[in-house]
Amino acid sequence: MSRFGKVLAAMALSVAAPAVTSAQDDGQGFLFNTGLGRPVPALDGRAAGLGGAAIALIGANLSAVNPASLAGLQTMGVWGSIMPERGTVSGEGVHGDVQSVIFPLGRLAISATRRLTVSVSFGAFLDQNGGVQFVDTLELSTGKVPFRETRQSDGGISKFSLEVASLFGGGLSLGVAAQFYRGETRLIAERAFDEEANFLPARTVAAIDYSGFGFAVGAGFQPIPEMMLGITGSWGSKLALRNDSSEVEGEVDLPLTFGLGGSWQLTPDFLVALDFEWAGWSVANDDVASGAEDTWGLGGGIELRPFGTTPVFVRAGAHLDRFPFKIGGTAPSERAIDFGMGAFMGGGRARIDWALEFGKRGDAATHGVEESFTRLTVSLAVFGN
């Protein structure tokens, strides 16, 4: 792979996506250089500290992963998360730092009746924040001309949901959600030459809009008060892409997803949780230049209350996730270890949770580049009386 190819791969690793092809692409290939992006689940700080396990958590499960998770809420609540991240991309001839701030979750829930809860939520879906800077040369008939180029992608795709959850007898809860996908990505490429080259600098800007819809269903079941099991699934329509300046358009199939999870309160002060998720991203293989694969993710962790009845919790977990879009012929993966804490405040009317993750994406030997990252997730929730 050439240095230029490795830089493009490094940028793709930062957003975990290749180029999207279109039958209407009239030479504006750069418009789709960053593809769809890196999947980001809509997690709160508690689930992030438990390795991303959010399908079936005993206690306050605030993540927007399973629409049944809010069943039984007896009040009104509002909460949200923020997720700053810092990473370093490295490989042969490639090095760059990546920083981004994602808002993975915002939710407002209202208890309509004792058994029925309605909520609206905002969640991250695919992140496209990233960028690289490199030095290369143009091969001209008059000789080699060095240049410095910066490629930057800002934005992503978000998921807005209208959710309804209900609590039934026998420990069963069910939930459904209508989902709407919206987003915009701004792609910027800047090239600068040395003064002696006598070339003018070049700058290209493109903005891509995304839209689509889908739905999700989920269930939770408590066979005993100390155990919860859950299942969730979703389906999305074709995601429409449109460049605002050139009016180039395209479509990408969204995947069918499936997830299983569970948690077990072994003692009043000790909980374990585990999740498995699968997504059929191979349906987008023909829409994506470098190809797409089905993905899977496995994560889990433990939660302890070390100070007895004090409402303070500590957490540790880990997760391994395969990304959908290929780099160098294979899809990269993300692996991380997670640590976190949480506490109730105001007599249970508020809670704060945070998680710190240390991880790595890709592999230099396989993909030509890899990225190490540190990610912080902080969430705050406030409930009515």
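Each residue is numbered by its place in its chain's sequence as written, counting from 1. Thresholds applied to this predicted model are a pLDDT of at least 70 for local features of residues and 80 or more for the giving and counting of side-chain atom pairs; totals over whole chains, interfaces and linings are not thresholded and use all residues. To obtain the side-chain values, all non-hydrogen atoms of the structure were included, while hydrogens and water were left out.

Topic: the environment of Q128
Selection rule: In this description a helix means any DSSP run of H or I spanning at least four residues, a strand means any run of E spanning at least two, and both kinds are numbered starting from the N terminus. We define a polar contact as two N or O atoms separated by no more than 3.5 Å, with the added condition that, inside protein, one atom must be a possible hydrogen donor and the other a possible acceptor, whereas residues neighbouring each other in sequence contribute only through side-chain atom pairs.
As for its placement among the helices and strands, Q128 is situated in the loop between strand 4 (116–127) and strand 5 (130–140). Counting along the chain gives 92 residues from Q128 to L36, while the straight-line C-alpha distance between them is 7.2 Å. Reaching out from Q128, the side chain makes a polar contact with the side chain of T185 at a distance of 2.4 Å. A distance of 3.2 Å separates a polar atom in the side chain of Q128 from a polar atom in the side chain of Y210.

Structural notes on the pattern of salt bridges
For clarity, the cut-off: Whenever Lys or Arg places a side-chain nitrogen within 4 Å of a carboxyl oxygen from Asp or Glu, that contact is recorded as a salt bridge. Each residue is placed in one exposure class: buried if its accessible area under a 1.4 Å probe, protein chains only, is under 20% of its type's maximum, exposed if it is over 50%, and partly exposed if it falls in between.
Inspection of every chain in the model, using the stated rule, returns 19 salt bridges. Among the salt bridges present, the one from E85 reaches R38, with a minimum N-O distance of 3.6 Å. Linking E85 in strand 2 (residues 77–91) with R38 in strand 1 (residues 38–39), this pair joins segments that are 47 residues apart in sequence. Between R361 and E85 there is a salt bridge, with its nearest N and O atoms 2.9 Å apart. In this pair, R361 sits in strand 17 (residues 350–362) while E85 sits in strand 2, placing the two residues 276 residues apart along the sequence. Side by side, R361 and E85 carry an identical accessibility label, which is buried. Three or more residues are tied together by salt bridges with common partners; here these are R38, E85, D127, E334, E357, R361, E371 and R375.

Quick notes on empty space enclosed by the protein
Stated precisely, the cut-off is as follows: Cavities and pockets are found on a 1 Å grid laid over the protein atoms alone: a cavity is a set of points where a 1.4 Å probe fits but cannot escape, a pocket is an open set with protein on both sides within 12 Å along at least five of seven lines, and a lining residue has an atom within 4 Å of such a point. Grid points are joined across faces, edges and corners, and a volume is the space filled by probe spheres set on the points.
Considering all chains together, one arrives at two cavities of 30 Å³ or more under this definition. Roughly 40 Å³ of volume is contained in the second largest cavity. As for the second largest cavity, its lining consists of twelve residues, of which R38, E85, V98, S100 and E371 are closest to the centre. Breaking the lining of the second largest cavity down by element, the ones donating at least two residues are strand 2 and strand 3 (94–111).

Remarks on the confidence of the model for the chain
To keep it simple, the criterion reads: Every residue carries a pLDDT, the predictor's confidence in it, which falls somewhere between 0 and 100. Contacts between residues were defined by any pair of non-hydrogen atoms, one from each residue, lying within 4.5 Å.
Confidence along the chain averages 84 in pLDDT terms, with 89% of residues attaining 70 or more. In the model, residues 1–34 has pLDDT below 50 throughout and makes 119 contacts with residues more than four positions away in sequence or in other chains.

Some details on the packing of aromatic side chains
Under the convention used in this document: Centres within 6.5 Å make a pair out of two Phe, Tyr or Trp rings, where for Trp the six-membered ring is used; the pair is then stacked when the planes are under 30 degrees apart, edge-to-face when over 60, and tilted otherwise. Think of it as a cone above the ring: NZ of Lys or CZ of Arg counts as a charge over the ring if it is within 6 Å of the ring centre and within 35 degrees of the ring normal.
The final tally for this structure, using the stated rule, is eight aromatic pairs. Every member of this aromatic cluster is reached through a ring pair, and the members are F125, Y181, W281 and F325. Sitting above the plane of the F147 ring, R191 keeps its charged end 4.1 Å from the centroid. For the cation-ring pair, R361 lies above F373, with the distance from its terminal atom to the ring centre recorded as 4.0 Å.

Here we look at the layout of surface pockets
Considered as a void within the structure, the largest pocket measures approximately 450 Å³ in volume. G59, N61, S69, L70 and A71 are the residues nearest the centre of the largest pocket, which is lined by 27 residues in total. Of all the elements in the fold, those that place two or more residues in the lining of the largest pocket are strand 8 (202–224) and strand 9 (227–236). Considering every element that reaches the lining of the largest pocket, the biggest residue donor is strand 8, with three residues.

Observations regarding the nonpolar core
The criterion, for reference: Think of a nonpolar core as a cluster: buried Ala, Val, Leu, Ile, Met, Phe, Trp, Tyr and Cys residues, connected wherever their side-chain atoms sit within 4.5 Å.
L36, F125, I157, Y210, L239 and W281 are the most contacted members of the largest nonpolar core, which totals 18 residues. The residues touching F125, leaving out its near neighbours within four places in the chain, are R38, P39, V40, I157, S158, K159, Y181, L254 and W281. Counting residues in each nonpolar core, the second largest holds 13 residues, with A53, V65, L271 and A273 among its members.

As for the pairing of strand 12 (residues 257–267)
Note the threshold: Strands are labelled as partners when DSSP assigns at least two bridges between them.
Note: strand 9 against strand 12, eight bridges, orientation antiparallel. From the neighbouring strand, M227 faces strand 12, where its bridge partner is W264. In this structure, strand 12 lies alongside strand 13 (residues 270–279), joined through ten bridges in antiparallel fashion. Along strand 13, the bridge assignment pairs W264 with V272. Taking the residues between adjacent antiparallel strands as the criterion, strand 12 and strand 13 are bridged by two residues.

Regarding the side chain of S81
By the secondary structure assignment, S81 is in strand 2. Looking at S81, the relative accessible area reads 6%, which means it is buried. There is a polar contact of 3.2 Å between the side chain of S81 and the backbone oxygen of L43. With residues near it in sequence (within four places) discarded, S81 still touches L43, D44, G45, F103, P104, L105, T377, V378 and S379.

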